[in-house]
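Architecture and fold: a report
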Amino acid sequence: MANKPLESHVQGTLQRGKACLRCRKRKMRCDGQKPACQQCTRAKKADGCEYDDGKGKTRTQILRETIVKLENRIRELEDPEYVSPSVTLFDPHFHSRSNSSSSSFGSPESSYLSASHSPFPSGTVLFAFLRSLSYASNRSPASPPGTWAQLQGMPSPSPVSFSSDVYFDDQQSPFQPPLELALMLLDIFAPHSRQCGLEIHMGRLRESLTLPLSEQRHPVLMNAIYLWACFISRPGPLSQHEDHYLRHSLDALPEALRSNEKTIDVIQASCLLSLYFLANGRLLEGSYHASAAASICMQVGLGGRSTLDNQASSIANIDSDLKPTMSDLRDGERILAFWQVYNLDRCWSVILRKPWVILDKSDPRHSIYCPWPQEIKDYENGHIDTVDALPTVRSFLSGSVSASSFSVPALRVKASALFASADRLSSSWTAKKMTTSVNEEMRALEHTITLFLSTLIPMDQLDAVLPEERHSLILVHTLAHCAAIYLFRPFALDDAMCFDKSSRASRACISVIKHISDRDFAFLDPIIGPCWWSVADILIRDLDTLERSWPLVDHSDLRNELGVLLYAMTSLSTRFPVVAPAVSKVQKRLASQ
């Protein structure tokens, strides 16, 4: 009996639960020697070798208690009436159990996370500690900035400046934050992933953070996600770290392009970076990254017949992520990545007044055959469409109906296609004359828009759908009505019917806004802001027309609708600075007599 422990060490095994905490976390074989095992000694981490034998507090438990005490002390200094609660102990094995389980944490069904799912008792615990460390190292308090301009220029402390014994191990990537911080940032980002256009399995993404670096998603994508987590946290303390993660994502981009190993990650990251710049009014930078993502998609043929084709040899030589696989989830993510780029390219090309990058012509080499996107949970369950014999978007615009084209992501793509097609069609008529051919093309597209709107869930019934679907459908309704605005606006001053149709489309957008709650604004896609620009232009045009008419006509209803639009744009501008210029324009018009 007395020789059993010795025999266990000789055989290289150890009783369950007797390994040190570091070896448990990294799933390495531990010899159980004290005060430091051989694994920790070889890694020069002997000081961090700890055993949870239940007889006393570990270094990790002591650190967690210190973090809570520091946060409570900060609250006491900020609020004299605050009563500090008793210190709560935390299970150091929480993550090892939760990551090894098959939980659906982070899935679309659990997008709206409660505080109980966070690895910390509250979202600010870690940052109270970070602020205290920043104060100690810089000798100046790190208080939240007061304006968006200050936020963009605020320096962000690099995680490498913190104690490596606490935050890093010998295989930690310099581009990645500590695991606990990364998990917290993912928790913040998860409910907003569809808002950013990123359709990804959040549960799998969380689990991947515990895998070896070679099996994790590329740092260019992860840091773009962390960037958005900080951005949507404005004006909280977390927003101070935007520049840090923006810099890391941009620094990781060249290496990711050189390696050609994770092209899907590069495409998704480029879309996130583009939308971040666009939402902040940095249009040139946003346009650059949007065009880059679309160019990569075209180069690898992601939207063509080779999307799921086993003969896609040209793709297979570029990226292992693009090779045909047996994983429906990975195939689905490739499909969703293409449509993420498509939505970005089509919608923002209209706003930026630039040509599309993703082509969709009659030439099979430049046609879109990618299957309609589905929900990520459908791909997880093995439901994936094959490439259709007909071009996807052009078939829809010509009146064809596909049974797989009514998912919420597919409706989003259709709305983007209508929005961009209406703008291109109206812009191509340089003569600005209502000829017979022009009238026929307008009628055909108008019929497609009307038919599409009839397939959507009415706005007054959106309370019955999932929150993330609700926010997408708000955008879908808006894009479809704005497609009508762009279609008829060029002819409105010369044609009474076009004037009336563009006016009715703008009022339909106001009706959509009236169904938006204050909580919805935090989850709307940034493109909805520029869409409201066009609505404001039409309403101001109509108001000018009424004020010049004789006899005088009551226009109080129109001014009230402008007031509704101004409230919505002002609410959105607090999150997306790109909307601010249009807000000023509407304010000035309403202030005039």
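Computed from a predicted structure; not experimentally measured. (Residues numbered from 1 in each chain as written. Predicted model: local features only at pLDDT ≥ 70, side-chain atom pairs only at ≥ 80, totals over all residues. Heavy atoms only, no water.)

A short note on unusual backbone geometry
Cut-off, in case you're wondering: Numbering of helices and strands runs from the N terminus; a helix is a DSSP stretch of H or I covering at least four residues, while a strand is a stretch of E covering at least two. Only protein chains enter the accessibility calculation, which uses a 1.4 Å probe; a residue is then buried when its area is under 20% of its type maximum, exposed when over 50%, and partly exposed in between.
Going from K34 to P35, the amide bond is cis rather than trans, its omega being 10°. With respect to the helices and strands, P35 occurs in the loop between α2 (21–26) and α3 (38–42). Put simply, R234 and P235 share a cis peptide bond, and its omega is 0°. Secondary-structure assignment places P235 in the loop between α11 (219–231) and α12 (242–259). Despite not being glycine, R353 has its phi angle at roughly 55°, a positive value. Locating R353 in the fold gives a position in the loop between α16 (328–352) and α17 (376–380). Judged by relative accessible area, which is 51%, R353 ranks as exposed.

A word on the side chain of R541
How we decide: Here, two residues are considered to be in contact whenever any of their heavy atoms come within 4.5 Å of each other.
Position of R541 among the secondary structure elements: in helix α23 (residues 528–548). Note on R541: relative accessible area 15%, which makes it buried. Sequence-distant contacts of R541, that is, excluding residues within four places in its chain, are made with A492, L493, F499, S502 and S503.

A few points about the UniProt feature "domain: Zn(2)-C6 fungal-type" (unreviewed entry) in the protein
Spelled out, the test is: UniProt positions are given in the numbering used here, feature names are shortened, and annotations may be inferred rather than shown by experiment.
Here the UniProt-annotated "domain: Zn(2)-C6 fungal-type" (unreviewed entry) positions come out as residues 19–51. Structurally, residues 19–51 comprises 33% helix and 0% strand, and the distance from its first C-alpha atom to its last is 7 Å.

So, the pattern of salt bridges
Where we set the bar: A pair is scored as a salt bridge if a Lys or Arg side-chain nitrogen falls within 4 Å of a carboxyl oxygen belonging to Asp or Glu.
On inspection of all chains with the given rule, the structure shows 24 salt bridges. Between E285 and R282 there is a salt bridge, with the nearest N and O atoms lying 2.8 Å from each other. Residue class for E285 comes out partly exposed when judged on its relative accessible area of 33%. Across the pair E547 and R589 runs a salt bridge, and its minimum N-O distance is 2.7 Å. On the criterion of sequence distance, the pair formed by E547 in helix α23 and R589 in helix α25 (residues 580–591) is long-range, its members being 42 residues apart. When salt bridges that share partners are traced, they join R217, D265, R330 and E333 into one network.

Comments concerning the environment of Q374
Put simply, the rule is: We define a polar contact as two N or O atoms separated by no more than 3.5 Å, with the added condition that, inside protein, one atom must be a possible hydrogen donor and the other a possible acceptor, whereas residues neighbouring each other in sequence contribute only through side-chain atom pairs.
Structurally, Q374 is set in the loop between α16 and α17. The class of Q374 is buried, set by a relative accessible area of 13%. Within polar-contact distance, the side chain of Q374 engages the backbone oxygen of W372 at 3.2 Å.

Topic: the packing of helix α19 (residues 408–427) against helix α21 (residues 467–488)
Stated formally: Only the stretch in contact is used when a helix axis is fitted, and all axes are lines through C-alpha atoms; the angle between N-to-C directions ranges over 0 to 180 degrees. To sort the angles, those under 35 degrees are grouped as roughly parallel, those over 145 as roughly antiparallel, those from 65 to 115 as roughly perpendicular, and the leftovers as oblique. Handedness of a helix crossing follows the sense of rotation of the near helix relative to the far helix, less than a right angle counterclockwise being left-handed and clockwise being right-handed. Under this grouping Gly is polar, as are all residues other than the nonpolar Ala, Val, Leu, Ile, Met, Phe, Trp, Tyr, Cys and Pro and the charged Asp, Glu, Lys and Arg.
One can describe the packing of α19 onto α21 by two numbers: an axis separation of 8 Å at closest approach and a directional angle of 15°. Classified by the interaxial angle, the pair formed by α19 and α21 is roughly parallel. At the point where α19 passes α21, the crossing takes the left-handed sense. Note on element contacts: α21 touches α19 through E469, S472, L473, L475, V476, L479, C482, A483, Y486 and L487, opposite V408, L411, R412, A415, S416, L418, F419, A422, D423, L425 and S426. Of the residues contributing to the contact of α19 with α21, the split by class is 15 nonpolar, 3 polar and 3 charged.

Side note on the state of the cysteines
As a reminder of what qualifies: The term disulfide is used for any two cysteine sulfur atoms that are within 2.5 Å.
By the definition in use, this model includes 0 disulfides. No disulfide involves C23; its sulfur sits 3.4 Å from that of C20, the nearest cysteine. Given a relative accessible area of 1%, C23 falls into the buried group. Note on C370: no disulfide assigned, nearest cysteine sulfur contributed by C297 at a separation of 9.0 Å. Residue class for C370 comes out buried when judged on its relative accessible area of 0%.

A closer look at α16
Our working rule: What a helix should span is 1.5 Å times the count of its residues minus one.
Over its 25 residues, α16 runs 35 Å from end to end, which matches the ideal 36 Å to within 8%, given 1.5 Å per residue. For α16, the tally of buried residues reaches 22 of 25 residues, placing the bulk of the element in the interior. Among the residues trailing α16, R353 stands out with phi positive, at a value near 55°.

Things to note about the environment of I225
Among the secondary structure elements, I225 is positioned in helix α11. With 47 residues separating them along the chain, I225 and L272 place their C-alpha atoms 7.5 Å apart. Setting aside its immediate chain neighbours within four residues, I225 contacts L186, F189, L198, L205 and L272.

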